[in-house]
Amino acid sequence: MRTRTWAPYALIAPTLLLMAVFLVYPIASVGWFSLRQHTVTQPWKNGFIGFENFRRMLFEDQLFWQSLAFSAKWVVVEVGLQLVLGLVLALIVNETFVGRALARSLVFSPWAVSGVLTTGIWILLYNPSTGIFQQLAQWGIGDPGTSVLGDPATVFPATVVTELWRGVPFFAILLLADLQTIPNDLYEAASVDGAGRWRRFISVTLPHLRDAIVLSTLLRAVWEFNNVDLIYTLTGGGPANQTTTLPLYVARKAVDSHDFGYGSALTMAGFVILLFFSILYLRLSKFGSRA
Amino acid sequence: MKRLLVALALVVSACSAGQDGPTTITFWDNNGGPGRTPIYEELIKRFEAANPTIKVEYVGIPSSSVQQKYDTAIAGGSTPDVGGVTTSYLAHLVGQDALEPLDERVESGPLKGKLLPGLLETVRQTAMDGKLYAAPASGNLDVIWYRSDLFAEQKIAVPSTWDQLVDAAAKLTKPAENKYGFTIRGGAGSVFQLLAEAYSYSGVDKFYDGGKSTVADPRNAELVSKIAGIYKKSTPEADVNNSYTQMVAQFTGGTVAMMHHNLGSTGDVMKALGAQKVSAMPLPVGPSGKRTVVPNPTDGFAVFKGSKNSDAAWKFVEFLTSAESNGYWNEKVGQIPANTDVRSAEWIQKNPAVKMALGVLEDPATVLVPAPVYLPEYSSITKTDTEPLYQKVLLGQLSAQEFLNQLAAKLTTAQQEWEKRK
């Protein structure tokens, strides 16, 4: 009989242990550091300072609010455009046409490219001496020497396009997989009832895709919020901090300035925001309770 | 398993053999890579031939991660015996009590009086106690690399003042052909170079005046405005994001005619363009005509306190900074030898850039204005905090004076804290 009492605990122990090691400990240690002054280059100043980092962040640090606002804009624009374009692509490659297999693999290939490589490709494309804009200038469109990443007016769209190139296939893959599970009978029944193409899309396809859309936008929003590799390598957050997201600011504070205390406070802010939105989003969309 | 045991046995025997066999010291090269590693390999071969009882184990570390590697080694107690260091992070190592002072060893050995006083000074200045924690090996100087062929073609005189440089840059610019006169470093590393430019123009001969930073001097701001004024006119638009890599690519690719960097880029520049097309000039001067130079970080060798064979370690440092090795090394990398006996070497006469740099450094009229690289916050102030601000100046979103005021305020606070701890 005794075995019954410890067996369940023993069985969930590995999971609990893994969660403790990979979830609880890192979060707790960042929380602890956020209450400390901790700079590698000035060890004599290290120590517990309570909520001083948070006070500085909320009331004195203009760049914190600026990077937060930019993160919000980045997530909304990126996820919105990726969802719409991904859905369009998924619907296209879901149709039957000659060369569909080739089209599908072409559509999905950017997803396989890492963030830093994506940057490498796009930096070459944007290069003012050898890239597409130099080519366009030779044909008389635009000025020679145009640097889209150097001009504050164009750096945002240029960065958005780069990330779209990589992000759209993610939505296309997920939505396509879900599209293929929609039974054909539904479309046939709808046609019999006199529904046109658009009506079938609104009343059959979209409701069926709801869970996939919810899940993929949530996941993607978190990923885009935390996107560091692509922006860091493409613009470094510049020019003049114009493309600095919150995580990028964290990286600059913690990695470049060795200020781990303040960097941790910034991280906690990001953590709380993401947690709040994840809960809200899951509740609003009633994920998992398809009634 | 068997293999592992054999390996273990070998390690054990190697350790015990070390006691009566040759002494092994570890040497970390702080800028390891295909360019410099072979030079050290040759020098180590020569050293071991001359000192059969000492074996040197070479470890090449890329310069971008060397500071982090030293930090980790200090924390874990696994520092090398000898390490290459530059003054930009020397204070940081001294602050962690990781290095041996070398004053006595230099004074009592063959290096006495043989090291360039200016370089010794820059090394001493980084330590709070004013002691020598690294033997300087090589100096560097900011220069303007220019396309001598283009200057000759268009009959433009080589500028000696900043105003002449601005004029020359305008003349050499042809936007329709994607040709520009000058390139600005607007991205990573920008502020460090900008300070050298500002002080060379202003003639302000002290970085601090009574504990207050002189960075915001209106004459410094004048130069910053001048540079911002030619952005996009005589320079490519992409310059606002330029780090070293992009800058040097524009220069060697033929897009720009002048580039401010230092002797450290000799290899990249010469390999791409060749001595017929490119020359180096010192940074121009301003209206005062005074030559004020913000020195570049000095390269040198440090002996770590954790070394169990510090005598052997010092012997190696002495060997590396001896006239012969020091000359060999600096000839290969194109920098200024710290050992004064090398000055008359033939290769210096054949290397106009190094000869010019030595001339500037040894000219009694030259005033050195060392930047406070010893401040623990220096790199975070001049990089994370103010590089984006300089980009704002270039983009016309912030005035040069306001930018320098903010920079000066941070530098003054940091200096005052440092003075208090002293």
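Now for the overall build of chain B. Helix and strand content of chain B: 19 helices and 14 strands. Its C-alpha atoms give chain B a radius of gyration of 23 Å, within 12% of the compact-globule value 22 Å for 422 residues. Overall, chain B is about 70 × 50 × 50 Å in size when its C-alpha atoms are taken along their principal axes. Considering only contacts within chain B whose residues lie at least 6 apart along the sequence, 75% involve residues at least 24 apart.

Our next topic: the sheet that holds strand β1 (residues 23–29) of chain B. All names here are of chain B. Here six strands make up an open sheet; going across it, the order is β2-β1-β3-β12-β4-β13 and the pairing mixed. Among the strands making up the open sheet, the edge pair consists of β2 (54–60) and β13 (336–337). Sheet topology places strand β4 (residues 135–139) next to β13; two bridges connect them, and they run antiparallel. For glycine 139, the partnering residue across the bridge sits in β13 and is isoleucine 336. Against the sheet, helix α2 (residues 37–50) contacts β1 and β2, and its axis sits at roughly 175° relative to β2.

This paragraph deals with the interface of chain B and chain A. Each partner contributes to the interface: chain B provides 23 residues, whereas chain A provides 23 residues. Looking at the side of chain B that touches chain A residue by residue, the class counts come to eight nonpolar, 10 polar and five charged.

Core analysis: the biggest nonpolar cluster contains 109 residues, and Leu90, Tyr133, Leu195, Val224, Val303, Phe316 and Val317 of chain B have the highest contact counts within it. Top element by residues in this core is helix α9 (residues 190–202) of chain B. It accounts for eight residues. Looking at which domains feed residues into this core, each of domain 1 (16–140 + 297–367) and domain 2 (142–294 + 375–421) of chain B supplies at least three. Discounting residues that sit within four places of it in the chain, phenylalanine 316 of chain B has contacts with Ile25, Phe27, Phe47, Val56 and Val82 of chain B. Core analysis: the next-biggest nonpolar cluster, separate from the first, contains 22 residues, Phe33, Leu246, Ala254 and Tyr262 of chain A among them.

Thresholds applied
- Residues numbered from 1 in each chain as written.
- Chains lettered and ligands numbered in written order.
- Predicted model: local features only at pLDDT ≥ 70, side-chain atom pairs only at ≥ 80, totals over all residues.
- Helix = DSSP H or I, 4+ residues; strand = E, 2+ residues; numbered from the N terminus.
- Rg over C-alpha atoms; globule rule 2.2 N^0.38 Å.
- Contact = placed C-beta atoms within 7 Å.
- Pairing = 2+ DSSP bridges.
- Axes fitted to C-alpha atoms, helices over the stretch in contact; angles between N-to-C directions.
- Nonpolar A, V, L, I, M, F, W, Y, C, P; charged D, E, K, R; others polar.
- Core = buried A, V, L, I, M, F, W, Y, C linked by C-beta atoms within 7 Å.
- Buried ≥ 20, exposed ≤ 12 C-beta atoms within 10 Å, placed from the backbone.
- Domains from an automatic or database assignment.

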